[in-house]
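Each chain is listed here by its residues.
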Amino acid sequence: MEISRIVGGALLLGLGLLPAAALATLGQALPPGAVAGNSPPPLALRAVPQAAYSVAQSQDPAGRRIREFAGADGIVFAVAWQGASLPDMRQLLGDYFPAYVSSQQSNRAGLNRLDGHRPGLVVISAGRTRAFHGLAYVPALLPAGLDIEQLK
């Protein structure tokens, strides 16, 4: 009985240490002070040298790496993911999710690849079992002069 309490307590502690999920969705602002605190945060926010954007990186409960690219105004203009499965695309894309679904329905890139270009949204995604990655961005929100290849 004592062992089960110790194991249960360790599991709860472990769950509390899991990194946070993505902080914002595509087209929304990253919350101010997202990285405040004295201990190392589960989310890294860094300014990219000589660039007009910052990158917020997190890991969701399933271990997928999520990167959110925000312009100088704090608005997320792109999101990227990498992991064993697709993340919650509805959460990541927010109001752009219907355009993503439309891209999937007309996909001609192949079974394990999505190259969706819709007005207002571009999604490039590929993967197979336990190895998915992708990038979604809003062309109108891209910082001036940014080459999208820099984000991949």
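Residues numbered from 1 in each chain as written. Predicted model: local features only at pLDDT ≥ 70, side-chain atom pairs only at ≥ 80, totals over all residues. Heavy atoms only, no water.

In total, this model carries four aromatic pairs according to the counting rule given. Ring geometry for F69 versus F77: centroids 6.3 Å apart, planes at 40 degrees, classification tilted. Exposure class is identical for F69 and F77. Each is buried. Measuring from centroid to centroid gives 5.8 Å for F97 and Y100, while their planes differ by 40 degrees, and the two rings are tilted. Taken together, the residues F97 and Y100, both in helix α3 (residues 97-105) and three residues apart, mark about one turn of the helix. Linked through ring pairs, Y53, F69 and F77 together constitute an aromatic cluster. (Phe/Tyr/Trp six-rings, centres within 6.5 Å; stacked < 30°, edge-to-face > 60°. Buried < 20%, exposed > 50% of the residue type's maximum accessible area, 1.4 Å probe, protein only. Helix = DSSP H or I, 4+ residues; strand = E, 2+ residues; numbered from the N terminus.)

The next thing to look at is the confidence of the model for the protein. On average, residues of the protein carry a pLDDT of 76, and 70% of them reach 70 or more. Looking across the protein, the model is least confident in helix α1 (residues 2-16), with a mean pLDDT of 36, and most confident in strand β4 (residues 76-83), with 95. This stretch, residues 1-22, has a pLDDT under 50; its non-local contacts, to residues over four places away or in other chains, come to 15 contacts. Low confidence marks residues 35-44, where pLDDT is under 50. Its contacts with residues over four positions away, or in another chain, come to 15 contacts. (pLDDT = per-residue confidence, 0-100. Contact = heavy atoms within 4.5 Å.)

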